[in-house]
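Report on the structure
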Amino acid sequence: QLVIAEKPSVGMALAKALGVTDKKDGYMEGNGYIVSWCVGHLVSLADADIYDEKFKKWNISDLPIMPSDWQFVVSADKAKQFGILKKLMNDSRVTEVVNACDAGREGELIFRLVYEKAGCKKPIKRLWISSMEESSILDGFKNLRDGEEYEKLYQSALCRAKADWLVGINATRLFSRLYNKKLNVGRVMTPTLAMLCERDSTIGSFVKEKYFNVHLKSDGCDAVLEKVKEQSEAEKIKSDCADVQAVVKSVKREQKIINPPKLYDLTTLQREANRLYGFTAQQTLDYTQSLYESKLVTYPRTDSQFITEDMANTAKNIVAIVLKKLPHFDGIQLTPDIKRVINNKKVTDHTAIIPTSELANADFNAVPDGEKKILYLIANRLFCATSEKYVYETVSAEISCGGYSFVAKGKSVISDGWKGIEQKFRAFQKCKDDCDEEEAVLELSEGQIIEHPACDILENYTQPPKHFTEDTLLSAMERAGVGEITEEVERSGLGTPATRAGIIEKLTKSGFVEREKRNLVVTQGGAELVELMPDIIKSAKMTADWENSLSLIAQGKFTPQQFMADIEKLTSDIISVAKNSVDESKVGKSGGEVIGKCPRCGKNIVETPKAYSCEDRACGFALWKESKFFENAKKPFTKEMATALIRDGKVAVKGLYSPKTGKKYDATVCLDDTGKYVNFKLEFEKKH
């Protein structure tokens, strides 16, 4: 058997478990196996210019680009490893190939593209495991599945990749040419950016309003009359309550229960790590992936928060290990309720993220700090999820004074349950405790008289919504478009648990979003991009529709042909809508805003990323944005200046810098076109 993993580190772990010890160049051999690896995406969809040389130029007239026969290429920097895999696949000793790439949609795609590109026809077996523990690996090899069982999952993954290519390539080229700047457009990235932009806009336009809370205080009791709009009204309430008896009109007591939290899926783990430690979603994914490859936790890219019935004993043993290994659990006695975290129906590809039994042998001092914090989080969550309920009693008292009704609230804990564990963990990790705020214990009874309570007024302001953090953005991405998702779909929202971190990173690296401490804030460039995009691309509905269809393809309830036909129509619609939303009179033949007529030939002058130039290349007239003249004068060459020069042949400019004198001056800059070169000369106002 030829075993192909997704990464070298995973390949090494599989080889060790299988007793494969003979190291070769790019693979290992022995004990009846050859074990090799893909190094991530070895094969990918080809760029547009592979289909036709003309696509090297981004011309609107060439859109939409829709390949009829899709081409795939080997990544240039990974050609050697692909060559090794191709040779191994064709090795006469190999009778079948085991797909041991990550057990999910993308892992299926990574393997199958290599298999197809290599022209391999040998039978495929599928290794599908959620833990890198040796026992799990060996059990997985004893129960290898037929590769044909995952054909529909592969088709789903391939459709996702093709659809992203079609929308991304066509929309990016279209909007970049229309607006003369590189505008990366993606079906997940753009609606996510739109969501961030909408929040920032709401914050920016928020007008705060003043209001007043009137407090009635006596012996640890603080009753409030909230949100009085006018200060004069609040002052009257205070005056009316001065030196007046207060009476407790009613006291309501209610026992409440908060069940233990669910186990972590990737999104909830990323949210918690961002909230407690400030980790980005990508950092959390990287740390968890490393822990998985070190055999300390189960597979991270999961959207499930439960484990299956057959894992009950394993989970119970791991809880016992957690009790011994984590310092803050000293002295805690608990019988875990494993049933709370078991639900076979809510486990799809993978279970929730939990520690493995390897934790018993782990040297925590050897685990890097970031990974250690994530490991503590995962271990603590398993313990909390199997602990007792948190039980408390709320007290709400209505107090009458001076003809006004005040409300006092209190709370008393009946049983700490899992919250006591959580608070110990926060203290141990020195995290800011974001558990419920403490409320006073109210000892009041109906009809009780309160003599001469003090009355104070506190001034407050309404608050705008908060900026998105990675915690709250991940939550919003997960919920986006949920109303459009059918019950048959296993996942919803913008992106998947495995891809959301990458989307956030792409937005920041593209310069559309900036991190301000823990807040995610849209840049001017990001806001401009959202402003330019039609609603069809900004809406989360498109992604919801895609995930509907992709899940149905994986289930065999929708065909790839139907899906791709829908995507091609969507791509055509995007181009049509965008073209119709742009003033064609301001767009040149090859895209770009028309800013005037060429002084040489009379054709359109169009703004491009580097110049204001004639659309007729044979003419050759161009005003370069990075002009030496304006660079030496320390003055940006703006579109307004270029428009005036083209229209009038001159433009008045203030604050030009002279390298000779080191001083600034005002002058009229005039065009001096030789017919071959475009120069500038200066005119100065004559002094009388």
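Residues numbered from 1 in each chain as written. Predicted model: local features only at pLDDT ≥ 70, side-chain atom pairs only at ≥ 80, totals over all residues. Heavy atoms only, no water.

A word on the overall build of the protein chain
Within the protein chain, the regular secondary structure consists of 20 helices and 25 strands. In terms of its C-alpha atoms, the protein chain occupies a principal-axis envelope of roughly 95 × 90 × 50 Å. A total of about 34,100 Å² of accessible surface is found on the protein chain, and carbon and sulfur atoms cover 47% of it. A gap of 6 Å separates the mean positions of the 100 positive and 100 negative side-chain charges of the protein chain. (Helix = DSSP H or I, 4+ residues; strand = E, 2+ residues; numbered from the N terminus. Areas by Shrake-Rupley, 256 points an atom, 1.4 Å probe, with all protein chains shown as cover. Lys, Arg positive; Asp, Glu negative; His and termini not counted. Charge placed at Lys NZ, Arg CZ, Asp CG, Glu CD.)

With respect to unusual backbone geometry
If a residue is not glycine, its phi is most likely negative; likewise, a peptide bond is most likely trans. The amide bond that connects leucine 63 to the next residue, proline 64, takes the cis arrangement and shows omega of 0°. Along the chain, proline 64 falls in the loop between β5 (43-45) and β6 (72-74). The backbone of lysine 227 shows a phi angle near 55°, a positive value even though the residue is not glycine. Looking at where lysine 227 falls in the secondary structure, it is placed in strand β11 (residues 221-228). The class for lysine 227 is exposed, based on a relative accessible area of 57%. (Buried < 20%, exposed > 50% of the residue type's maximum accessible area, 1.4 Å probe, protein only.)

A few points about the packing of helix α5 (residues 151-179) against helix α17 (residues 540-554)
Their axes nearest at 7 Å, the elements α5 and α17 cross at an angle of 150°. Our classification of the angle between α5 and α17 gives roughly antiparallel. As for how α5 packs across α17, the hand of that crossing is right-handed. Judged by residue contacts, Lys152, Leu153, Gln155, Ser156, Cys159, Arg160, Ala163, Asp164 and Val167 of α5 engage Trp546, Leu550, Ile553 and Ala554 from α17. (Axes fitted to C-alpha atoms, helices over the stretch in contact; angles between N-to-C directions. Parallel < 35°, antiparallel > 145°, perpendicular 65-115°, else oblique. Left-handed = near helix turned anticlockwise from the far one by under 90°. Contact = heavy atoms within 4.5 Å.)

Overview of empty space enclosed by the protein
Over the atoms, a rolling probe the size of a water molecule traces out where space has been left empty. One pass over the structure, following the stated rule, counts two cavities of 30 Å³ or more. Reported here for the largest cavity is a volume of approximately 70 Å³. Along its surface, the largest cavity is lined by 14 residues, and Ala100, Cys101, Asp102, Ile129 and Tyr292 are the ones closest to its centre. Split by residue class, the lining of the largest cavity holds 11 nonpolar, one polar and two charged. Taken together, Leu216, Lys217, Ser218, Cys221, Ala223, Ile399, Ile450 and Pro453 make up the lining of the second largest cavity. If you list the elements that add at least two residues to the lining of the second largest cavity, you get β10 (210-218) and β11. If one sorts the elements of the lining of the second largest cavity by residue count, β10 sits on top with three residues. (1 Å grid on protein atoms, 1.4 Å probe; cavity = no way out; pocket = protein on both sides within 12 Å on 5 of 7 lines; lining within 4 Å. Points joined across faces, edges and corners; volume = space filled by probe spheres on them. Nonpolar A, V, L, I, M, F, W, Y, C, P; charged D, E, K, R; others polar.)

Regarding the sheet that holds strand β22 (residues 622-624)
One open sheet holds the four strands; their spatial order is β19-β20-β21-β22, and the pairing between them is antiparallel. Whereas interior strands pair on both sides, the edge strands pair on one side only; in this sheet they are β19 (594-597) and β22. The average undirected angle you get between the axes of adjacent strands in this sheet is 20°. Along the sheet, helix α20 (residues 639-648) makes contact with β19, β20 (604-607), β21 (611-614) and β22, crossing β19 at roughly 20°. (Pairing = 2+ DSSP bridges.)

Examining the pairing of strand β24 (residues 664-673)
Bridge count between strand β23 (residues 650-657) and β24: six bridges; the pairing is antiparallel. In the sheet register, lysine 650 faces β24, and the bridge partner there is cysteine 670. Connecting β23 to the antiparallel partner β24 that follows it, the hairpin turn spans six residues, and glycine 662 within it adopts a positive phi of roughly 75°. Relative to strand β25 (residues 678-683), β24 runs antiparallel, the two being bridged by six bridges. Within β25, the position partnered with threonine 668 by the bridge is glutamate 683. Hairpin remark: β24 followed by β25, antiparallel, with four residues in the connecting loop; positive phi at glycine 675, about 95°.

A few points about helix α13 (residues 470-479)
Of all 10 residues that make up α13, seven are buried, and the element is covered over most of its length. Taken together, the buried positions of α13 are Glu470, Asp471, Leu473, Leu474, Ser475, Ala476 and Met477. Tucked into the core, α13 has its buried residues touching α6 (189-204), α8 (266-277), α9 (281-293), α14 (500-509), β17 (513-516) and β18 (519-522).

With respect to the pattern of salt bridges
Any two side chains of opposite charge can pair if their charged atoms end up close together. Counted by the stated rule, this structure contains 33 salt bridges. Across the pair arginine 160 and aspartate 164 runs a salt bridge, and its minimum N-O distance is 2.9 Å. On the criterion of helical spacing, the pair formed by arginine 160 and aspartate 164 is a turn pair, its members being four residues apart in helix α5. Overall, the relative accessible area of 25% leaves aspartate 164 in the partly exposed class. Three or more residues joined by partner-sharing salt bridges are found here, namely Arg271, Glu272, Arg275, Arg381, Glu422, Arg426 and Asp471. (Salt bridge = Lys/Arg side-chain N within 4 Å of Asp/Glu carboxyl O.)

Regarding the environment of serine 539
Tracing the chain through its elements places serine 539 in the loop between α16 (535-538) and α17. Here the alpha-carbon distance between serine 539 and isoleucine 414, two residues 125 residues apart in the chain, equals 46 Å.

Observations concerning the packing of aromatic side chains
Aromatic rings in a pair are described by how distant their centres are and how their planes are angled relative to each other. What the rule picks out here adds up to 18 aromatic pairs. Taking 5.4 Å as the distance between ring centres and 55° as the angle between the ring planes, the aromatic pair formed by phenylalanine 364 and tyrosine 376 counts as tilted. Note that phenylalanine 364 is positioned in the loop between α10 (312-325) and α11 (369-385) and tyrosine 376 in helix α11, a separation of 12 residues in sequence. For phenylalanine 364, a relative accessible area of 10% gives the class buried. (Phe/Tyr/Trp six-rings, centres within 6.5 Å; stacked < 30°, edge-to-face > 60°.)

Remarks on the packing of helix α2 (residues 79-89) against helix α3 (residues 105-117)
Packing of α2 against α3 leaves a shortest axis separation of 10 Å and a crossing angle of 70°. One finds that α2 runs roughly perpendicular with respect to α3. Where α2 crosses over α3, the two elements pack in a sense that is right-handed. Here α2 contributes Phe82, Leu85 and Met89 to the contact with α3, which in turn contributes Val114, Tyr115 and Lys117. Split into classes, the residues belonging to the contact of α2 with α3 amount to five nonpolar, no polar and one charged.

What about the side chain of histidine 350?
Within the fold, histidine 350 resides in the loop between α10 and α11. By relative accessible area, histidine 350 is classed as buried at 3%. What histidine 350 contacts, discounting residues up to four positions off in sequence, is Ala103, Gly104, Trp128, Ile129, Ser130, Tyr299, Arg301, Thr302 and Ser304.

What about the confidence of the model for the protein chain?
Here the protein chain averages 88 in pLDDT, and 94% of its residues register 70 or above. In this model residues 484-490 is a low-confidence stretch, pLDDT under 50, and it forms 18 contacts with partners more than four residues away in sequence or in other chains. Below pLDDT 50 for its whole length, residues 583-590 participates in 17 contacts with residues either more than four positions away or in separate chains. (pLDDT = per-residue confidence, 0-100.)

Describing the sheet that holds strand β9 (residues 145-146)
Here seven strands make up an open sheet; going across it, the order is β2-β3-β4-β1-β7-β8-β9 and the pairing mixed. This sheet does not close on itself; its edge strands, each paired only once, are β2 (22-23) and β9. With three bridges joining them, strand β7 (residues 97-100) and strand β8 (residues 124-126) adopt parallel strand pairing. Paired with valine 97 across the strands is isoleucine 124, a residue of β8. Docked against the sheet, helix α1 (residues 8-18) engages β1 (2-5), β3 (27-30), β4 (33-37) and β7, running at close to 165° with respect to β4.

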